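Here's the letter readout for the chains.
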Amino acid sequence: MSEASRTGQGLSIAVVGATGLVGETMLEILAQRKFPAAAIHALASARSLGRTVEYGHRTLAVDDLADFDFSQVDIALFSAGGSVAREYAPQAAGAGCIVIDNSSCFRYQDDIPLIVPEINGALLDNIPAGQGAIIANPNCSTIQMVLALQGIQSLVGIDRINVATYQSVSGAGRSKLESMARQTASRISLKPLDNEQPGELIAFNVQPQIDELQENGYSREEMKMLWETRKIFADEQIMVNATCVRVPVFFGHAMAVHIETRQPIELEQAARQIEQTAGVRFTRADVDWPTPVTHAAGKDEVFVARLRKDLSHPNGINLWVVADNIRKGAALNAVQIAEQLLERGKCIAKPATSVGTAA
């Protein structure tokens, strides 16, 4: 731990996008894990002024991001989208703040680390102590997949990943959750769906495209899984073929993962590697398979099950992976990065005397 956290002085933390699903969960997790914060600032756009958010047993007033002075903050957790990150994250870093950004804005820049703490947290040693920096948080689907595969990758290497994701509506934000709830109520009561575009129909439906299509016919969400997996594993040779699908689930992403390893591995070896990975819970039982609703929602672990040999490839293995996309897929991973920054002595606390602004 840094000297500031050991002496109880604590750090000054800003949560940007504090009124969104991920921002609210960041505040919740900071309180749950007793992060040593002497000051918490809840930030959002001007249209959120007058709103409040919860931080443990406290209520914080939301401040305007545009007017905020980041020189008073040690760590800023950003979850407000790429355009906001592009404008304000460099400003915050320039003011001496360490930014942990949840958007895709900086993930693919060579000089910005893309971190899953259980896998490549050691890269944080390269962050200069007491100076501003930007750290990227990976995509939610990438995080749970690479955590499930880390043990196998480290032991025998993975040549190819073929993955189909079943992603919950919370990944598209609060408005999409509310839209699905309205659609579900209308469909159950046999009422017409008013003002819904065909591409927006998700209740009792699946949507085979997430994010914009690229020139190669893959969606940006699918390409993220290739780009980010290579960067996190530091392996430019690994191939990832993804199909990302939105399903009518509120919280929790699931995925069917099929891998081809570079060297042969016995199924029991693979199981042990998965079991030994921090943050992963492996299920062997065939009567309690993890699902988004029964296991993942509200939990911090990545759940892995249905491990079996691929009948079509001698080095092939199949597995099922489930996780809460808002917690480990976003908010928790960002908080864990902040915790590792403290443990590695990268944060030097600025003077701070309060916890946010009481509403």
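Model, not experiment: these values are computed from the prediction.

1. Comments concerning the pattern of salt bridges
- In the structure shown here, the tally under the stated rule is 16 salt bridges.
- Here R327 makes a salt bridge to E28, at a shortest N to O gap of 3.4 Å. Here R327 is found in helix α10 (residues 327–343), whereas its partner E28 is found in helix α2 (residues 21–32), with 299 residues between them in sequence.
- One salt bridge connects D125 with R344, and the closest N-O pair in it is separated by 2.9 Å. Placement of D125 in the loop between α4 (117–120) and β7 (133–136) and of R344 in the segment after α10 is noted, with a sequence separation of 219 residues between them.
- The exposure class assigned to D125 is partly exposed, which follows from its relative accessible area of 42%.
- Judged by its relative accessible area of 30%, R344 is partly exposed.

2. Here we look at the packing of α2 against α10
- Running from N to C, α2 and α10 cross one another at 50 degrees; their axes reach a closest spacing of 9 Å. One element, α2, and the other, α10, form an angle in the oblique class. Here the hand of the crossing between α2 and α10 comes out right-handed. Residues V22, T25, M26, E28, I29, L30 and Q32 of α2 pack against R327, A330, A331, L332, A334 and V335 of α10.
- Taken together, the residues of the contact of α2 with α10 sort by class into 9 nonpolar, 2 polar and 2 charged.

3. What about the packing of aromatic side chains?
- For the structure on display, the rule yields 4 aromatic pairs.
- Ring centres 5.0 Å apart and planes at 80 degrees place the aromatic pair F68 and F70 in the edge-to-face group.
- Here F68 falls in the buried class, since its relative accessible area comes to 13%.
- Consider the rings of Y108 and W227, whose centres lie 5.1 Å apart with planes at 70 degrees: the pair is edge-to-face. Taken as a pair, Y108 in the loop between β6 (98–101) and α4 and W227 in helix α7 (residues 220–233) lie far apart in primary sequence, 119 residues in all.
- Of the aromatic side chains, those joined through ring pairs into one cluster are F68, F70 and F78.

The rules we used
- Residues numbered from 1 in each chain as written.
- Predicted model: local features only at pLDDT ≥ 70, side-chain atom pairs only at ≥ 80, totals over all residues.
- Heavy atoms only, no water.
- Salt bridge = Lys/Arg side-chain N within 4 Å of Asp/Glu carboxyl O.
- Helix = DSSP H or I, 4+ residues; strand = E, 2+ residues; numbered from the N terminus.
- Buried < 20%, exposed > 50% of the residue type's maximum accessible area, 1.4 Å probe, protein only.
- Axes fitted to C-alpha atoms, helices over the stretch in contact; angles between N-to-C directions.
- Parallel < 35°, antiparallel > 145°, perpendicular 65-115°, else oblique.
- Left-handed = near helix turned anticlockwise from the far one by under 90°.
- Contact = heavy atoms within 4.5 Å.
- Nonpolar A, V, L, I, M, F, W, Y, C, P; charged D, E, K, R; others polar.
- Phe/Tyr/Trp six-rings, centres within 6.5 Å; stacked < 30°, edge-to-face > 60°.

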